[in-house]
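Now for the letters of each chain:
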Amino acid sequence: MPLVVVDLKEMAKIADKNLVLPIGKAAKLLGISISTLRRMDDRGIIDTVRDVERGKRYFFKADLLNIKFNEYKLAREWVQPNNHPDLKKYKNFYYPIEATLTGKVTIEARQMLQGLVSDDYISVVISAAMELVGNAFYHNQGQWPDIEGAFYAIDITGRRIIIADRGVGLLKNLKLVRKSLNSHIDALKVAFTEQISSRGVGGHRGYGLKHARMCVVRELKKLIYQTGNARLEIRAKDNNLYTDVVSNPIQGCFAVIEF
Amino acid sequence: MIIELKKFGEDLHGRPSGKDAYDSIIARLNDLPKTEHIIIDFGGVNSFSTSWLDEVLTPLQKTYGNRLILRNVTNLSAKMSLDTLKEVGGKNFRIEY
């Protein structure tokens, strides 16, 4: 597992916000042993950030709560590098064609959410999800490394949607238009804060992730987004982007919208 | 001329679909008198995304400027998509209240 250097000031900031927990508290939250949790990190099922000076690893509280959801674990496996997911295992979650997934999100998600939340709220959930679906397909068009398409799952009880792809990730795409980008974390920050797109020219495009961010900050609950070894968390009514270099790099992009 | 977006679908997302809609709209505007407004009616659509609206509205605004008017912008995802276009891309559209 690669060692990750954490800026301690940053760590203090995210610890203050209750975003990360030390391993003891994390194990207690899940009701499992410390050694099991350590193995989950080593297997790439859950991410940590490392405080190298103190030799400690910290777990993200949001990930610990999500991992109770089976589809979360499946999605994490889906984006493991050097992995060839067994498509039979993913038959309920794998969408090779964008149009099929669009139908799933706009029609089925609405049917599932109707009566639970307002129509306006549903429209924002779908709007954020569809920007992420669009990114998964259009930004990998013609350059899928292995499996073309996206993973999608919705959990109505836990109010979350997961969208993941085994594409090339943000860094490779954005490097086409900004050659100075050298790390996943820089690409991630740029993607969520600047109008930039690897597709098209002339200041056109490049709104999708900023729109998803606005949906979360103004209306929804949380967005967790990972590309390569860079992880981001956005929370409702909070304009900060909480970004970290994490222990387990993924292939492509992985997003959880909580609503 | 009034363009009803609900005729393009109940959920309007994605750039390819937006571009198709734009091509269809622009074909109908060829013979439009030079003083006539183009009213884009948002009523009856369930959800929007920024990408779809950008493909439709940005080139229309470029061609028709202030003659382009958005009507019935009541859906929350529509309002937020227009806010994204404004805050990120500096695009201001004339909205009828």
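Residues numbered from 1 in each chain as written. Chains lettered and ligands numbered in written order. Predicted model: local features only at pLDDT ≥ 70, side-chain atom pairs only at ≥ 80, totals over all residues. Heavy atoms only, no water.

1. Topic: the confidence of the model for chain B
The pLDDT averaged across chain B works out to 96; a share of 100% of its residues lies at or above 70. Interface confidence in the predicted complex, given as ipTM, is 0.95; pTM for the same model is 0.92. (pLDDT = per-residue confidence, 0-100.)

2. Concerning the environment of Asn92(B)
All names here are of chain B. Along the chain, Asn92 falls in the loop between helix H3 (76–89) and strand E6 (94–95). Look at Asn92 and you get partly exposed, because its relative accessible area is 46%. For Asn92 and Leu29, which are 63 residues apart along the polypeptide, the C-alpha to C-alpha distance reads 21 Å. In contact with Asn92, not counting residues within four places along its chain, are Gln61 and Lys86. (Helix = DSSP H or I, 4+ residues; strand = E, 2+ residues; numbered from the N terminus. Buried < 20%, exposed > 50% of the residue type's maximum accessible area, 1.4 Å probe, protein only. Contact = heavy atoms within 4.5 Å.)

3. A closer look at the packing of aromatic side chains
Residue and element names in this part refer to chain A. Across all of its chains, the model carries eleven aromatic pairs over all chains by this definition. Where Tyr90 meets Phe151, the ring centres are 6.0 Å apart and the plane angle is 75°; that geometry is what we call edge-to-face. On the criterion of sequence distance, the pair formed by Tyr90 in the loop between helix H5 (70–78) and strand E4 (94–95) and Phe151 in strand E5 (residues 150–155) is long-range, its members being 61 residues apart. Comparing Tyr90 with Phe151 shows no difference in burial state: the two are buried. Pairwise contacts between aromatic rings join Trp78, Tyr90, Phe93, Tyr94 and Phe151 into one cluster. Directly above the aromatic system of Phe60 lies the positively charged group of Arg231, at a separation of 3.7 Å from the ring centroid. (Phe/Tyr/Trp six-rings, centres within 6.5 Å; stacked < 30°, edge-to-face > 60°. Lys NZ or Arg CZ within 6 Å of the ring centre and 35° of its normal.)

4. Observations concerning the nonpolar core
Residue and element names in this part refer to chain A. In terms of nonpolar packing, the biggest core is built from 54 residues, with Tyr152, Ile161, Phe192, Leu220 and Tyr225 touching the most fellow members. Here this core takes 13 residues from helix H7 (residues 119–138), the largest share from any one element. Among residues more than four places away in sequence, those in contact with Phe192 are Leu209, Lys210, Arg213, Leu223, Tyr225, Leu232, Ile234 and Leu241. Counting residues in hydrophobic clusters, the runner-up holds 31 residues, among them Ala27, Leu37, Phe69 and Val79. (Core = buried A, V, L, I, M, F, W, Y, C linked by side-chain atoms within 4.5 Å.)

5. With respect to the side chain of Glu233(A)
Residue and element names in this part refer to chain A. Mapped onto the elements of the fold, Glu233 is located in strand E8 (residues 230–235). Residue Glu233 is classed as buried on the basis of its relative accessible area of 1%. Of note is the side chain of Glu233, whose polar atom sits 2.9 Å from the side chain of Arg231. The residues contacting Glu233, other than those within four sequence positions of it, are Leu19, Phe60, Ala62, Lys222, Leu223, Ile224, Asn240, Leu241 and Tyr242. (Polar contact = N/O pair within 3.5 Å; in protein donor to acceptor, adjacent residues only side chain to side chain.)

6. Some points on the sheet that holds E4(A)
All names here are of chain A. Strand order in the open sheet formed by seven strands is E4-E5-E6-E10-E7-E8-E9, and the pairing between neighbours is antiparallel. Strand pairing shows two members of the sheet lacking a second neighbour, E4 and strand E9 (242–245), which therefore form its edges. The sheet contact formed by strand E6 (residues 160–165) and strand E10 (residues 253–258) spans six bridges and is antiparallel. The residue bridging Asp165 from the neighbouring strand is Cys253, located in E10. (Pairing = 2+ DSSP bridges.)

7. A closer look at unusual backbone geometry
Residues and elements named next belong to chain A. The backbone of Asn82 shows a phi angle near 55°, a positive value even though the residue is not glycine. Structurally, Asn82 can be placed in the loop between H5 and E4. A relative accessible area of 79% places Asn82 in the exposed class. Positioned with a positive phi, Lys237 is a non-glycine residue whose angle comes to about 55°.

8. A short note on the pattern of salt bridges
Enumeration according to the criterion identifies 23 salt bridges over all chains in this entry. A salt bridge links Glu87(B) to Arg218(A); its shortest N-O distance comes to 2.8 Å. Within this pair, whereas Glu87(B) is found in helix H3, its partner Arg218(A) is found in helix H10 (residues 208–218), the two belonging to separate chains. Arg218(A) gets classed as partly exposed once you look at its relative accessible area, which sits at 29%. (Salt bridge = Lys/Arg side-chain N within 4 Å of Asp/Glu carboxyl O.)

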